[in-house]
Amino acid sequence: MNYSQITLKELKVPESIPFPKRTDWHIGMIGFGGIAIGAHAPAYQNVGWNICAVADPNSEARRIAQEKYGIQKTYSDFHELINDDAIEVIDLLTQPTIREEVVKTSGRAGKPIITEKPFARSVEECERMIKIADDAGIKLAVHQNYRWMKMNYTAHHIIKKGLIGDPFFASIEIFGTQDVDLAGHEFYSSSEDFLTIQWNNHLADLLRYWTGKDADRVFARTGRMKGQNFKGDNLLCSIADFGDGLTGHILHSELLRSHLRGTQCRVDGSKGSLKFDFHNNLVIQSEILGKESFRLNTKEADFTSSFAGSMGDFLISIEQDKEPSVSGRRNLATIKTVSAEHESSMKGGKWINCKG
Ligand SMILES: NC(=O)c1ccc[n+]([C@@H]2O[C@H](COP(=O)([O-])OP(=O)(O)OC[C@H]3O[C@@H](n4cnc5c(N)ncnc54)[C@H](O)[C@@H]3O)[C@@H](O)[C@H]2O)c1
């Protein structure tokens, strides 16, 4: 197919993601493992933010914080970091094992907190944390950073502008190799809900982000490969019924024994379609733009790491005293959806309601 080029400017959608005014927020990170080292710390430092302290019981994690990222203040106990007067914002980057305890401690100290996904592994724990934050009067948010990936962010804004009409189908297909890559990671490889709750919250959240709707009910089946490494199933196929003529679909495998990884997303609407991936590719065809098909030219776009996107949104919410885009309260529908998907898959495939 022949594509014409189109730019973000021509589509009249944002060419960059918003950032807070202050760059000197004193951020304290709790948990300095794989994702903090590989993504959060470099993303924040690239945009000039100040990681003031790190708390991690693992001495090797503290050594890396000091030697690789120049973060001089380190603690083995997160309570000490939260109670350090110099720290203004708490960034919780551990596995979802100590979320509630950390939110309670932040609440007592009156400090805003953002947590890595998943917000928690049960709806009840999420609801308790929302109440703790409300009672303490602190902001609570979740790093659904996939919303700030360049193509995901752009797709959201294209759809919001009505450029493909009313969406009736949104789909994500991902093929990856984490059953091999993370086989030695004790927490992930022994979890029953690795793909359904811990991973799929990104994808279920994207369907909400693109369509602006929450699923009414979901149907999910999971599968395995003979001899796979993880305890939990590493293949997921789910359908989300949003009611009122909108269907979502997720197909996700982390079982590949090849390098043929990939992602493909699409949203079809009453006036056109978008096809895109998690990297730099997006095509659109829409009666609103004429008969041509367009490939997005992102050369001039000024996007940074999606991890600075979710943190930036949180810092802006503090500066402007408004609700974060992905506050704990707003993230609840994502957790309800993935919990229903997990339940559906455990029952071998059955429609499960997500609301209520
Ligand atoms: N947003 C994304 O794209 C993305 C990608 C990967 C992981 N994650 C999420 O990030 C979180 C962390 O994942 P990871 O892969 O970095 O995990 P990890 O296991 O590599 O690291 C967790 C770190 O937390 C530390 N820790 C444990 N207990 C602690 C405590 N009481 N106080 C302070 N630190 C403590 C550990 O010592 C370790 O260094 C998980 O919730 C995961 O789902 C998100």
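Not measured: the values here are computed from a predicted model.

**Student:** A description of the overall build of the protein should follow, citing residues and the corresponding values.
**Tutor:** For the protein, the count of helices and strands is 12 helices and 16 strands. Relative to its length of 356 residues, the protein is compact, with a C-alpha radius of gyration of 20 Å against a globular reference of 21 Å. Based on the C-alpha atoms only, the size of the protein along its principal axes is roughly 60 × 45 × 40 Å. By the burial criterion, 47% of the 356 residues in the protein qualify as buried.

**Student:** Describe in detail the packing of helix α2 (residues 34-46) against helix α11 (residues 306-319), supporting the description with residues and values.
**Tutor:** Axis separation between α2 and α11 bottoms out at 8 Å; the angle between their running directions is 70 degrees. One element, α2, and the other, α11, form an angle in the roughly perpendicular class. The crossing of α2 and α11 is right-handed. Here α2 contributes A39, H40, A43 and Y44 to the contact with α11, which in turn contributes F307, A308 and M311. Classifying every residue of the contact of α2 with α11 by side-chain character gives six nonpolar, one polar and no charged.

**Student:** Help me get a handle on the site of the ligand, residues and values and all.
**Tutor:** Near the ligand you find 24 residues, and of these G31, G33, G34, I35 and E116 are the closest. At three residues, the largest contribution of residues to the shell around the ligand is made by α2.

**Student:** Outline the nonpolar core, listing residues and values.
**Tutor:** Membership of the largest hydrophobic core comes to 96 residues, with the highest contact counts inside it found for I30 and A155. When residues of this core are assigned to their parent elements, the largest contribution, 10 residues, is made by helix α10 (residues 194-211). Not counting residues up to four positions away in its chain, the partners in contact with I30 are A55, F78, L81, I90, D91, L92, L93, T94 and V102.

**Student:** I'd like to hear about the domain arrangement of the protein, residue by residue, with values.
**Tutor:** On domain assignment, one finds that the protein holds domain 1 (26-145) and domain 2 (146-300 + 327-353). If you average the C-alpha positions of domain 1 and of domain 2, the two centres end up 26 Å apart. Listed by partner, the interface residues are 17 residues for domain 1 and 18 residues for domain 2. When residues in the side of domain 1 that touches domain 2 are grouped by element, the largest group, five residues, is from helix α6 (residues 123-136). For the side of domain 1 that touches domain 2, a count of residues per class yields 11 nonpolar, four polar and two charged.

**Student:** Go over the sheet that holds strand β1 (residues 4-7), please, and point to the residues and values.
**Tutor:** Pairing in this open sheet of 10 strands is mixed, and the strands run β1-β15-β14-β13-β12-β8-β11-β10-β9-β16 from one edge to the other. Strand pairing shows two members of the sheet lacking a second neighbour, β1 and β16 (352-353), which therefore form its edges. Examined bridge by bridge, strand β9 (residues 217-223) and strand β10 (residues 235-241) share seven bridges and lie antiparallel to one another. Along β10, the bridge assignment pairs R221 with C237.

**Student:** Describe helix α7 (residues 150-160), with residues and values.
**Tutor:** Counting buried residues along α7, nine of its 11 residues qualify, which places the element largely inside the surrounding structure. Those residues of α7 lying buried are K150, M151, N152, Y153, T154, A155, H156, I158 and I159. In the core, the buried residues of α7 are packed alongside α1 (8-11), β8 (167-175), α10, β12 (262-269), β13 (272-276) and β14 (282-286). Just downstream of α7 lies G162, where phi reads positive at about 80 degrees.

**Student:** Can you lay out the sheet that holds strand β2 (residues 26-30) for me, pointing to particular residues and giving the numbers?
**Tutor:** Strand order across the open sheet formed by six strands is β4-β3-β2-β5-β6-β7, with parallel pairing between neighbours. Two strands lie at the open edges of the sheet, namely β4 (73-75) and β7 (140-143), each paired on one side alone. For this sheet, the mean inter-axis angle between neighbouring strands, taken without regard to orientation, is 25 degrees.

**Student:** Mind laying out unusual backbone geometry, listing which residues take part and the relevant values?
**Tutor:** Cis geometry is adopted by the peptide bond preceding P118, which originates at K117 and carries an omega value of -10 degrees. Within the fold, P118 resides in the loop between β6 (113-116) and α6. A positive phi angle is found at K12, which is not glycine, with a value near 60 degrees. In this fold, K12 is placed in the loop between α1 and β2. Classification of K12 by C-beta neighbours within 10 Å gives exposed; the count is 10. The phi torsion at D244 lies on the positive side, around 50 degrees, for a residue other than glycine. With respect to the helices, strands and loops of the structure, D244 is situated in the loop between β10 and β11 (247-253). For D244, a count of 9 C-beta atoms within 10 Å puts it in the exposed group.

Conventions used here
- Residues numbered from 1 in each chain as written.
- Predicted model: local features only at pLDDT ≥ 70, side-chain atom pairs only at ≥ 80, totals over all residues.
- Helix = DSSP H or I, 4+ residues; strand = E, 2+ residues; numbered from the N terminus.
- Rg over C-alpha atoms; globule rule 2.2 N^0.38 Å.
- Buried ≥ 20, exposed ≤ 12 C-beta atoms within 10 Å, placed from the backbone.
- Axes fitted to C-alpha atoms, helices over the stretch in contact; angles between N-to-C directions.
- Parallel < 35°, antiparallel > 145°, perpendicular 65-115°, else oblique.
- Left-handed = near helix turned anticlockwise from the far one by under 90°.
- Contact = placed C-beta atoms within 7 Å.
- Nonpolar A, V, L, I, M, F, W, Y, C, P; charged D, E, K, R; others polar.
- Near = placed C-beta within 6 Å.
- Core = buried A, V, L, I, M, F, W, Y, C linked by C-beta atoms within 7 Å.
- Domains from an automatic or database assignment.
- Pairing = 2+ DSSP bridges.

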